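Coordinate inspection notes
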Amino acid sequence: MRIAEPWRLEETEWRRLVGRVRAGRALRPQRWPNSARCAVAFSFDCDHETFELGAGGTAIGRLAWGEFGRRVGTPRILDVLQRHGVPATFFMPAVCALIDPDETRRIVAAGHEVGLHGWIHENNSRLDAPTERDLILRARDVLEKTIGATPVGFRSANWDLSPHTVALVAEMGLEYDSSLMADESCYELLLDGEPTGVVEVPVEWLRDDAVYLMFNREPATRPWTPPDSVFEIFRRELDAAWNEGGLFQLVMHPFVIGYRSRIWILEQLIEHAKAKGGAWFGTHAAVARWARGHGGVSSQAGSGPGKP
Ligand SMILES: [Zn+2]
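Report follows, based on the coordinates.

Cut-offs applied
Residues numbered from 1 in each chain as written. Predicted model: local features only at pLDDT ≥ 70, side-chain atom pairs only at ≥ 80, totals over all residues. Heavy atoms only, no water. Helix = DSSP H or I, 4+ residues; strand = E, 2+ residues; numbered from the N terminus. Contact = heavy atoms within 4.5 Å. Phe/Tyr/Trp six-rings, centres within 6.5 Å; stacked < 30°, edge-to-face > 60°. Buried < 20%, exposed > 50% of the residue type's maximum accessible area, 1.4 Å probe, protein only. Pairing = 2+ DSSP bridges. Salt bridge = Lys/Arg side-chain N within 4 Å of Asp/Glu carboxyl O. Axes fitted to C-alpha atoms, helices over the stretch in contact; angles between N-to-C directions. Parallel < 35°, antiparallel > 145°, perpendicular 65-115°, else oblique. Left-handed = near helix turned anticlockwise from the far one by under 90°. Nonpolar A, V, L, I, M, F, W, Y, C, P; charged D, E, K, R; others polar. Arc of directions from axis to C-beta.

**Focus on the overall build of the protein**
Helix and strand counts for the protein stand at 12 helices and 10 strands. Taken over the C-alpha atoms alone, the protein extends approximately 55 × 50 × 40 Å along its principal axes. Contacts in the protein between residues at least 24 apart in sequence constitute 73% of all its contacts with a sequence separation of at least 6.

What follows is the structure, encoded as structure tokens:
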């Protein structure tokens, strides 16, 4: 929803808009599992063919680009993670799980988490409430049937949320969302000022491979940042998280990171974290659970109208 003349909003109205979803209780553990000082949480958004379909596109070439993610990217990622014994979270649109259920099952069989990522990578902010509800429930059914377990986490496609998304996530009893960016540490989501019980595992565009490495013909988008520089940005984020005893969370895509000239970024990040010592690698679900159970910090200053 866009507002034509935002300067005409009444104070009650802009307060309502800002206060709809807000950061509540900060969840910053003093220590991570195994007495680690820092947590490393990798996520891979398996958009594949739905990156094109969910945006309303039907281009054969771009569908093949998604197919590369499925055929080459995911296996390469699984190989790196397996060689280093690192668990991760794969967010899977339901249509991608239906196109190749074996991929989703292979991911789970390798010890990783699969989370919800919409029905067809749709933009939630464009959906009316009943449609959004229907799609997320159907997506959960598909993943449940595919992996034989209920997913506990959600990431909205392109991090576009509607005013109803967080309410749906809470209603479904999901443990966490990973689509928002009000902090670098986990926090509890507030909805209209009320605690939801949903942990946010925050994302950031600057910790997303697609921001630096995506190519588009129209509108013309070029990967201006060389892979070495992308690694450098991620490494600095990791080092700072380690220094602070915090969380280093990263978003990658099989059709973006899964190329010969880029997959090393993932491998070197793992090697770097291991060489520093004291880094714990966890799925997003494991991070959310640990943060919820060991957060131990009272609410942040300035967290808004519904501060508990
Ligand atoms: Zn996605």
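**A word on the packing of aromatic side chains**
Two descriptors summarise a pair of aromatic rings, namely the distance from one centre to the other and the angle between the planes of the rings. Taken as a whole and assessed by the stated rule, the structure comprises 11 aromatic pairs. Note on tryptophan 65 and phenylalanine 255: the rings are 4.9 Å apart at their centroids and 85° apart in plane angle, and the pair reads as edge-to-face. With tryptophan 65 in helix H3 (residues 60-84) and phenylalanine 255 in helix H10 (residues 254-257), this residue pair connects regions lying 190 residues apart in the sequence. A single burial state applies to tryptophan 65 and to phenylalanine 255, both of which are buried.

**Some thoughts on the pairing of strand S8 (residues 194-200)**
Where strand S6 (residues 176-177) and S8 come together, 2 bridges link them in parallel fashion. Looking at the pairing, aspartate 177 lines up with glutamate 200 of S8. The sheet contact formed by strand S7 (residues 186-191) and S8 spans 4 bridges and is antiparallel. Residue pairing for S8: tyrosine 187 is matched across the bridge by glutamate 200. Between S7 and S8, which follow one another and run antiparallel, lie 2 residues, and aspartate 192 among them has a positive phi close to 50°.

**Remarks on the pattern of salt bridges**
Overall, the coordinates contain 21 salt bridges when judged by the stated rule. The residue glutamate 11 makes a salt bridge to arginine 15 at a minimum N-O spacing of 2.8 Å. With glutamate 11 and arginine 15 both in helix H1 (residues 11-19), this residue pair falls 4 residues apart, about one helical turn. What makes glutamate 11 partly exposed here is its relative accessible area of 43%. The partner of arginine 235 in a salt bridge is aspartate 239, with the nearest N and O atoms 2.4 Å apart. Of the two residues, arginine 235 and aspartate 239 both sit in helix H9 (residues 227-244), 4 residues apart, roughly one turn of that helix. The class of arginine 235 is buried, set by a relative accessible area of 19%. Connected via shared salt-bridge partners are Glu232, Arg235, Arg236, Asp239 and Lys276.

**Notes on the packing of H3 against helix H11 (residues 263-276)**
Working note: a packed helix pair is described by the angle between its axes plus the distance between those axes. At their nearest, the axes of H3 and H11 sit 10 Å apart, and the two run at 15° to each other. Judged by the angle between their axes, H3 and H11 are roughly parallel. Regarding H3 and H11, the two cross each other, and that crossing is right-handed. Within the contact between the two elements, H3 uses Arg76, Ile77, Val80, Leu81, Arg83 and His84 and H11 uses Ile263, Leu266, Glu267, Ile270, Glu271 and Lys274. Each residue belonging to the contact of H3 with H11 can be placed in one class, and the counts come to 6 nonpolar, 1 polar and 5 charged.

**Looking at helix H5 (residues 101-109)**
Burial in H5 covers these residues: Glu103, Thr104 and Ile107. Across the axial projection of H5, the buried residues extend over an arc of 95°, all falling on one side. Those residues of H5 that are buried lie in contact with H3, strand S3 (89-92), helix H4 (94-99), strand S4 (113-116) and helix H6 (129-147). Directly beyond the C-terminal end of H5, a positive phi value near 95° is found at glycine 111.

**Overview of the environment of glutamate 271**
With respect to the helices, strands and loops of the structure, glutamate 271 is situated in helix H11. Judged by its relative accessible area of 39%, glutamate 271 is partly exposed. When the C-alpha atoms of glutamate 271 and tyrosine 212 are compared, they prove to be 22 Å apart, with 59 residues separating the residues in sequence.

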